[in-house]
Amino acid sequence: MSQATTPAPRRSDATRTAILDAARERFAADGYERATIRAIARDAKIDPSMVMRYYGNKEGLFAAAVAIDLRMPDLAALPREEAGRGLVAHFLSQWEENEVLTALLRVGITNEAGAERMQGIFREQVLPVTRRMCPDPEQVPARAALVATQLLGLALTRYVVRIPSAEQLSREEIVAWLGPTIQRYLTAPSP
């Protein structure tokens, strides 16, 4: 008689997870240019050939390591005049809970591949939110870019450069200050 057994987790899944965890830490600490496949493999306690086997090259590894779903909120569920505050609060949570996002911002400042990845995330995830809120479809790209200037600027000063006065602001203060600006970008008539 055979017994039903629960399949054991695949070693390849554990290896991929170890590689991605090590890559995220290494890219965050060293940046894209200085992070090496060899150092990432050493951190993951595997042979460098395994990194290449799963991800092909450093670019493929970077893309996998910084795959981010911002879990954008449904701003239509909020009163229209609260959309800006809701978006700021959501992004504060994302920056504080997702070290990958902060690592990507660090890399994006100094590396074209990181900048392109950050642009893609905002294009694919922030642009549609802006599109749903914007009164003029032709202004969606400009308004989404303005939203991005505020959200990325906040993250840069608070989580990367760590300007003390930006770090000391409470979540409530940031939402109160930045929310109306984002709201204006999303819904105000064109200046």
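Residues numbered from 1 in each chain as written. Predicted model: local features only at pLDDT ≥ 70, side-chain atom pairs only at ≥ 80, totals over all residues. Heavy atoms only, no water.

A.B. asks: What exactly am I supposed to notice about the overall build of the chain here?
C.D. replies: When helices and strands are counted, the chain shows 10 helices and 0 strands. When the helices and strands of the chain are placed in sequence order, the string is α-α-α-α-α-α-α-α-α-α. For the chain, with 191 residues in total, the buried portion stands at 43%. Look at the contacts in the chain between residues 6 or more apart in sequence, and 68% of them connect residues 24 or more apart. Of the roughly 10900 Å² of accessible surface on the chain, 54% is carried by carbon and sulfur atoms. (Helix = DSSP H or I, 4+ residues; strand = E, 2+ residues; numbered from the N terminus. Buried < 20%, exposed > 50% of the residue type's maximum accessible area, 1.4 Å probe, protein only. Contact = heavy atoms within 4.5 Å. Areas by Shrake-Rupley, 256 points an atom, 1.4 Å probe, with all protein chains shown as cover.)

A.B. asks: Would you mind going over the packing of aromatic side chains with me for this structure?
C.D. replies: Given two aromatic rings, one states the distance between the centres and the angle between the planes to describe the pair. The full count for this structure, using the stated rule, is 5 aromatic pairs. Aromatic pair Tyr32 and Phe62: ring centres 5.1 Å apart, planes at 80°, arrangement edge-to-face. Here Tyr32, found in helix α1 (residues 11-34), pairs with Phe62, found in helix α4 (residues 58-65); they are 30 residues apart in sequence, far enough to count as distant. Like Phe62, Tyr32 is buried. (Phe/Tyr/Trp six-rings, centres within 6.5 Å; stacked < 30°, edge-to-face > 60°.)

A.B. asks: Explanation requested: the layout of surface pockets in the structure shown.
C.D. replies: One water molecule sets the probe size; rolling that probe over the atoms shows where empty space is left. Within this model, the largest pocket holds a volume of roughly 250 Å³. Met118, Gln119, Phe122, Ala148 and Leu152 are the residues nearest the centre of the largest pocket, which is lined by 17 residues in total. Taken together, the elements giving at least two residues each to the lining of the largest pocket come down to α6 (99-110), α7 (112-133) and α8 (140-160). Among the elements that make up the lining of the largest pocket, the one with the highest residue count is α7 (7 residues). Each residue belonging to the lining of the largest pocket can be placed in one class, and the counts come to 14 nonpolar, 2 polar and 1 charged. Of the volumes computed, that of the second largest pocket is approximately 150 Å³. Lining the second largest pocket, in full, are Gln139, Ala142, Arg143, Leu146, Arg184, Tyr185, Ala188, Pro189, Ser190 and Pro191. Within the residue set of the lining of the second largest pocket, elements represented by two or more residues are α8 and α10 (171-187). When residues of the lining of the second largest pocket are assigned to their parent elements, the largest contribution, 3 residues, is made by α8. Residue classes in the lining of the second largest pocket are distributed as 6 nonpolar, 2 polar and 2 charged. (1 Å grid on protein atoms, 1.4 Å probe; cavity = no way out; pocket = protein on both sides within 12 Å on 5 of 7 lines; lining within 4 Å. Points joined across faces, edges and corners; volume = space filled by probe spheres on them. Nonpolar A, V, L, I, M, F, W, Y, C, P; charged D, E, K, R; others polar.)

So yeah, pure geometry; function would need other evidence.
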